[in-house]
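As a plain string of letters, each chain reads:
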Amino acid sequence: MDTMDADVLIIGAGPAGSVAARMLKLLGRRVVVLEKERFPRFSIGESLLPQCMEFLEQAEMLEPVTAEGFQFKNGAAFSHAGKLTEFDFTEKFTPGWGTTYQVPRGRFDQILANSAEQAGVPIHYQHSIVAADFDTPGRARLTSVDKNGGQRDWTASMVLDASGFGRVLPRLLDLETPSSLAPRRALFTHIEDKIAVDNYDRNKILIAIHPKFHEVWYWLIPFSNGRSSLGVVMPQGFTDDRTGDPLQILREIVMEEPRLAELLSNSNFDTPTNQIGGYSANVKQLQGQGFVLLGNAGEFLDPVFSSGVSIALKSASLAVPLVDRQLQGQEVDWQVEYEQTLRQGIEVFRAYVDAWYAGSFQRIIFEQRQLANIKAMISAILAGYAWDRTNPLTQRCAQKIEAIADLCPPL
Ligand code: FAD
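Residues numbered from 1 in each chain as written. Predicted model: local features only at pLDDT ≥ 70, side-chain atom pairs only at ≥ 80, totals over all residues. Heavy atoms only, no water.

**What about the site of the ligand?**
As a structural note, the neighbourhood of the ligand is formed by 36 residues, with Glu35, Ile44, Ser47, Asn296 and Val309 the closest of them. Between the ligand and the protein, one listed contact pairs an oxygen atom with a backbone N or O atom of Pro15 at 3.3 Å. Residue Ser306 places a main-chain N or O atom 3.2 Å away from an oxygen atom belonging to the ligand. Notes on the ligand: free accessible area 1000 Å², of which the protein chains cover 95%. Listed by contribution, the elements that provide at least two residues to the shell around the ligand are helix 1 (15-26), strand 8 (127-133) and helix 8 (308-327). Among the residues making up the shell around the ligand, the classes are represented as 17 nonpolar, 13 polar and 6 charged. (Near = heavy atom within 4 Å. Polar contact = N/O pair within 3.5 Å; in protein donor to acceptor, adjacent residues only side chain to side chain. Areas by Shrake-Rupley, 256 points an atom, 1.4 Å probe, with all protein chains shown as cover. Helix = DSSP H or I, 4+ residues; strand = E, 2+ residues; numbered from the N terminus. Nonpolar A, V, L, I, M, F, W, Y, C, P; charged D, E, K, R; others polar.)

Here it is as structure tokens:
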């Protein structure tokens, strides 16, 4: 069996893997990416946050992304029982990018992977990692199986696991631990939206809350080609007493929300429905001897604030300079410099996700008399800037959310 050697092996060519690969290549490192699928492939997670743009810029990947003509995005709109509210990300507390894109992920991920390849990173598609060995310090070993069943060993000083929901190293190294969040399920599809309503803004994701069940919410993510991604997130078991195929059930639940019913009255539901459940996940540690977990291969919280790709790219931008330092023979305190730093922002998102499902953050969002400075601080978090310690709402979040919510009327 052949053995191939590199400085760094990356598992997965999703956003975390491709961005980390290109950043490392720009630093002169020998990087190899091993990707299980053939691209383009479908992936969920289509609404980006402006914070992502900073990391694409660092990786010198902005140009092909902006050239693609993806749907421009400048904020988020929320709807509940006839109430509509909007957050404009350009009016946010934290400096930096205030706009971004909504992207069919098959195409977006392919652009990022192509950009890593153009920098000279070999990406081996249809190579699935099935085994890993970190017993020899400084010499990690991965085993891949290709589409013909051929096995190959790969060695490197470091492995970055960017395998997303594949969660390769968490499974192989027994790192998985339950999420703090209750298991939920999402039903979703793409539609030809045919939206012809005057007061609808395609530059914003629409998050709508079910009129009766505040834990059930929907996303409507418009693309630039007249199509939209549409999904509903609900507690496990929510559809147990409904009949019909998944597309009929999705459509039925969507039509229960008045704003979506109005917007999508002429839509063509032309694509089969997909579903994913129990996606919230955590790990005991985000790093260990010879490996680091990036993006969803580490912790995944919840889709409600579209934070997944931002966290994935933040993890890549944090890990890359540390990997480079370690390869130069310098000391790196991975626990402090990587894990604690990354988890700081994840904890901020967790507080807002918890408060969303508890209902308190929903009350704040629909408060019409919101003070402009509080709104700007919330906008910054919704735009992905959860690591900005100068934003007062990134610290002691749970207490602050409850204190603000106490001043807001019930939903
Ligand atoms: P991924 O994008 O999952 O990429 C991982 C790659 O690794 C894949 O290409 C996979 O094929 C490959 N791989 C897997 N196993 C192996 C293996 N054994 N060997 C080799 N390669 C392997 N995020 C947002 O930012 N915005 C959203 O609007 C949003 N909506 C969401 C809605 C739902 C319902 C859910 C569940 C998630 C949503 N997310 C969203 C989260 C988003 O999907 C992820 O956070 C994001 O894709 C993580 O990127 P990644 O690079 O870590 O992993």
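**Considerations on the domain arrangement of the chain**
Domain annotation for the chain reports domain 1 (6-46 + 102-177 + 280-346), domain 2 (184-277) and domain 3 (359-405). The straight-line distance from the C-alpha centre of domain 2 to that of domain 3 is 26 Å. (Domains from an automatic or database assignment.)

**Examining empty space enclosed by the protein**
This structure, assessed with the given rule, holds 3 cavities of 30 Å³ or more. By volume, the largest cavity is sized at about 60 Å³. Lining the largest cavity, in full, are Leu49, Lys73, Ala76, Phe78, Phe89, Ile205, Ile207, Val304, Phe305, Ser306 and Leu382. Breaking the lining of the largest cavity down by element, the ones donating at least two residues are strand 4 (75-80) and strand 13 (204-209). A class-by-class count of the residues in the lining of the largest cavity yields 9 nonpolar, 1 polar and 1 charged. The space that makes up the second largest cavity amounts to roughly 40 Å³. Contributing to the lining of the second largest cavity are Gly295, Asn296, Glu299, Phe300, Leu301, Ser307, Gly308, Ile311 and Ala312. For the lining of the second largest cavity, the residue count by class is 4 nonpolar, 4 polar and 1 charged. (1 Å grid on protein atoms, 1.4 Å probe; cavity = no way out; pocket = protein on both sides within 12 Å on 5 of 7 lines; lining within 4 Å. Points joined across faces, edges and corners; volume = space filled by probe spheres on them.)

**What to know about the pairing of strand 2 (residues 31-34)**
Neither face of strand 2 is exposed, since Val31 and Val33 on one face and Val32 and Leu34 on the opposite face are all buried. Bridge count between strand 1 (residues 3-11) and strand 2: 4 bridges; the pairing is parallel. If you follow Ile10 over to strand 2, its bridge partner there is Val33. Between the parallel pair strand 1 and strand 2, the chain is carried across by helix 1, and the sense of this crossover is right-handed. (Buried < 20%, exposed > 50% of the residue type's maximum accessible area, 1.4 Å probe, protein only. Pairing = 2+ DSSP bridges. Right-handed = clockwise from strand over helix to strand, strands pointing away.)

**Side note on the environment of Gly295**
For Gly295, the position within the fold is in the loop between strand 19 (291-293) and helix 8. Taking the C-alpha atoms as reference points, Gly295 and Ala312, separated by 17 residues in sequence, lie 3.6 Å from one another. The contact partners of Gly295, leaving out residues within four places of it in the chain, are Ala16, Ala312 and Ser315. (Contact = heavy atoms within 4.5 Å.)

**Quick look at the packing of helix 1 against helix 8**
Close contact between helix 1 and helix 8 brings their axes to 8 Å; oriented N to C, the two are set at 30 degrees. As the angle between them shows, helix 1 and helix 8 are arranged roughly parallel. Here helix 1 and helix 8 pass one another in a crossing that is right-handed. Contacts between helix 1 and helix 8 involve Pro15, Ala16, Val19, Ala20, Met23 and Leu24 from the former and Val309, Ala312, Leu313, Ala316, Ser317, Val320 and Val323 from the latter. (Axes fitted to C-alpha atoms, helices over the stretch in contact; angles between N-to-C directions. Parallel < 35°, antiparallel > 145°, perpendicular 65-115°, else oblique. Left-handed = near helix turned anticlockwise from the far one by under 90°.)

**Some remarks on helix 9 (residues 334-358)**
Between its first and last C-alpha atoms helix 9 spans 34 Å; for 25 residues at 1.5 Å apiece the expected length is 36 Å, and the two agree. Along helix 9, the sharpest change in direction is near 30 degrees and occurs at Gln340. (Expected span 1.5 Å × (residues − 1). Bend = angle between axes of the 7 residues up to and from the residue.)

**Regarding the nonpolar core**
Counting 117 residues, the largest nonpolar core has Ile10, Leu56, Leu294, Tyr338, Tyr352, Trp356 and Phe361 as the members making the most contacts within it. For this core, the element with the most residues is helix 9, which contributes 12 residues. Each residue touching Leu56, except ones within four places of it in the same chain, is listed here: Val19, Met61, Leu62, Val65, Phe108, Leu112 and Leu313. (Core = buried A, V, L, I, M, F, W, Y, C linked by side-chain atoms within 4.5 Å.)

**Some words on the side chain of Arg343**
Here Arg343 shows up in helix 9. The exposure class assigned to Arg343 is buried, which follows from its relative accessible area of 15%. Only 3.1 Å separates the side chain of Arg343 from the side chain of Asn282, close enough to count as a polar contact. When residues no more than four places from it in sequence are discounted, the contact partners of Arg343 are Asn282, Val283, Lys284, Gln285, Leu286 and Glu299.

**Notes on the layout of surface pockets**
One number sums up the size of the second largest pocket: a volume of about 180 Å³. Taken together, Ile364, Glu367, Arg369, Gln370, Leu371, Ile374, Ile404, Leu407 and Cys408 make up the full set of residues lining the second largest pocket. Class assignment for the residues of the lining of the second largest pocket results in 6 nonpolar, 1 polar and 2 charged.

**So, unusual backbone geometry**
Residue Pro40 is bonded to the preceding Phe39 through a cis peptide linkage, with omega at 0 degrees. Relative to the assigned elements, Pro40 resides in the loop between strand 2 and helix 2 (51-58). A positive phi angle, close to 45 degrees, is found at Arg396, a residue other than glycine. Among the structural elements, Arg396 can be located in the loop between helix 11 (372-382) and helix 12 (397-405).

**Some thoughts on the pairing of strand 14 (residues 217-222)**
Most of strand 14 is tucked away, with 6 of its 6 residues classed as buried. The side-chain alternation of strand 14 yields two buried faces, one formed by Trp217, Trp219 and Ile221 and the other by Tyr218, Leu220 and Pro222. In the sheet, strand 13 pairs with strand 14 via 4 bridges, with the strands oriented antiparallel. In the sheet register, Ile207 faces strand 14, and the bridge partner there is Trp219. Count of turn residues in the strand 14/strand 15 (residues 227-235) antiparallel hairpin: 4 residues, of which Gly226 carries a positive phi of about 85 degrees.

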